Amino acid sequence: MFSAVDVIRTKRDGRELSSAQIDWVIDAYTKGVVADEQMSALAMAIVLNGANDREISDWTAAMIASGERLDLSGVGKPTVDKHSTGGVGDKITLPLAPLVASFGVAVPQLSGRGLGHTGGTLDKLETIPGFGVSFTNAQFVAGLKNPGAVICAAGQELAPADRKLYALRDVTGTVESIPLIASSIMSKKIAEGTDALVLDVKVGSGAFMKSAEQARELASTMVKLGAAHGVRCSALLTNMDTPLGLMVGNAIEVAESLDVLAGGGPADVVELTVALAKEMLTLAGQPDADPAAALADGRAMDTWRKMVTAQGGAPDAPLPTAAESEEVRADADGVVGTLDAYAIGLAAWRLGAGRARQSDPVSAGAGVELLCQEGDHVREGAPIMRLHADDPQRFAAAKEALDGGIEISSQSKPRELILDTIS
Ligand code: URA
């Protein structure tokens, strides 16, 4: 017989939770027997006192067991997914999923919506007229067979304990905990049924993890969890001090992804897309595959068009644009030293690209278009970014968010995009 108060006291006093206590508390919380206030006390005790590898593994297993675990064996091809811990301008899933699928590997990509200053893949894709993100399991498997990539929302039955706990953590100051973040992400990915997974763990001002040490610990915790549950995993640690690419928003990020699929696009977006594709294809048994060639010769674009069509979208339809725009200009001559990811993510959010609550709508055309990147030379008065919004009253708050986030200096600092690989 267990009691929620005993479980909370165990963790509050810095002791280890037993496997049976963890199984019970997750199951009882999912069923509503353990109340929200009890689970939030336990989550806070974990934030403050941590959890060891065995507890994290049990916690993850219990969250997987709270719902269904998809069986993708009927797909008939290796399956490999990518998960990013979230960043600003991170549109990599859009070119990456069809790129990897163009090598005959299936990419089951269950994605989320944006919250706060980070964008969400589903919000971006839904700006393509007709694009749908809700599918049954049978439709999901059919899309993985052909065209090979599906980017959609997770069903209600996938790790329901995490769905409930994540919403609670969001409003109780208990998101920032490596055991809770690792088990949250990995329970959903393991339940999704993928054979292999590449993690893109972001580090920097626009990421959850502000230091490389924290990010490394999160990455290795997740890689170990994957291995314990039979999912081959590796992780890249990547820089999120400045946005990826030039576009931060929804439709404008789709447009930039199309440039990458057409063989162009900003160098940083291409570099990360190719590096993650290499890692995914290696886990899928194709270490010698050349993803850069598939971007250059149109194979990835062909698969993108098939994927968009299969999900009900019109690949040639014009993308929505915002009604109004306003430029931000350089206040001095020099080199762009800082374009801060958090400030720009917040500005895009205030322009209407993001939401404050999960139920809010987003503006398809709103966002920040960078006209330069860190390291570029600019002249005083030259435009350095263009803000897009449906409502011009949003420009003032967006500019306030940018205060202190843009620095013009006399010399550039080197930017290393891929900081480490963990496998
Ligand atoms: N993303 C998740 O899915 N869970 C977390 O806890 C943090 C980010």
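Since we're looking at a predicted model, the values are computed, not measured.

### What about the overall build of the chain?
Along its length, the chain carries 16 helices and 13 strands. In terms of overall dimensions, the chain has C-alpha extents of about 70 × 45 × 35 Å along its principal axes. Taking all 423 residues of the chain together, 54% fall into the buried category. For the chain, the proportion of contacts with a sequence separation of at least 24, taken over those separated by at least 6, is 79%. Surface accessibility of the chain: about 16,700 Å² in total, with carbon and sulfur atoms responsible for 51%. One finds the centroid of the 37 positive side-chain charges in the chain at a distance of 4 Å from the centroid of its 55 negative side-chain charges.

### Brief notes about unusual backbone geometry
Residues Asn 146 and Pro 147 are joined by a peptide bond in cis, for which omega reads 10 degrees. Structurally, the position occupied by Pro 147 is in the loop between helix H7 (137-145) and strand S3 (149-153). For Ala 159, which is not glycine, the phi dihedral falls at a positive 45 degrees. Checked against the element boundaries, Ala 159 lands in the loop between S3 and helix H8 (160-170).

### Looking at the nonpolar core
Within the largest apolar cluster, 72 residues are counted, with the highest numbers of intra-cluster contacts made by Val 100, Trp 304, Ile 344, Leu 351, Val 368, Met 385 and Leu 387. Per element, the largest residue contribution to this core is nine residues, and it comes from helix H12 (residues 267-283). Here Val 100 is in contact with Val 80, Val 105, Val 107, Ala 277, Met 280 and Leu 281, once residues within four sequence places are set aside. Counting 36 residues, the second largest nonpolar core, distinct from the first, contains Ile 64, Phe 140, Leu 197 and Val 201.

### Some words on the side chain of Ser 184
Topologically, Ser 184 is positioned in helix H9 (residues 178-191). Residue Ser 184 is classed as buried on the basis of its relative accessible area, which comes to 3%. Non-local contacts of Ser 184, meaning those with residues more than four positions away in its chain, are made with Met 63, Asp 162, Tyr 166 and Arg 169.

### A closer look at the sheet that holds strand S8 (residues 334-339)
Pairing is antiparallel in the open sheet, where three strands are placed in the order S10-S8-S12. Each edge of the open sheet is held by one strand with a lone partner, namely strand S10 (377-378) and strand S12 (406-409). Pairing of S8 with S12, which is carried by four bridges, proceeds in the antiparallel orientation. Residue pairing across strands places Val 336 opposite Ile 408, the latter belonging to S12.

Here is what the cut-offs are and how they apply
- Residues numbered from 1 in each chain as written.
- Predicted model: local features only at pLDDT ≥ 70, side-chain atom pairs only at ≥ 80, totals over all residues.
- Heavy atoms only, no water.
- Helix = DSSP H or I, 4+ residues; strand = E, 2+ residues; numbered from the N terminus.
- Buried < 20%, exposed > 50% of the residue type's maximum accessible area, 1.4 Å probe, protein only.
- Contact = heavy atoms within 4.5 Å.
- Areas by Shrake-Rupley, 256 points an atom, 1.4 Å probe, with all protein chains shown as cover.
- Lys, Arg positive; Asp, Glu negative; His and termini not counted.
- Charge placed at Lys NZ, Arg CZ, Asp CG, Glu CD.
- Core = buried A, V, L, I, M, F, W, Y, C linked by side-chain atoms within 4.5 Å.
- Pairing = 2+ DSSP bridges.

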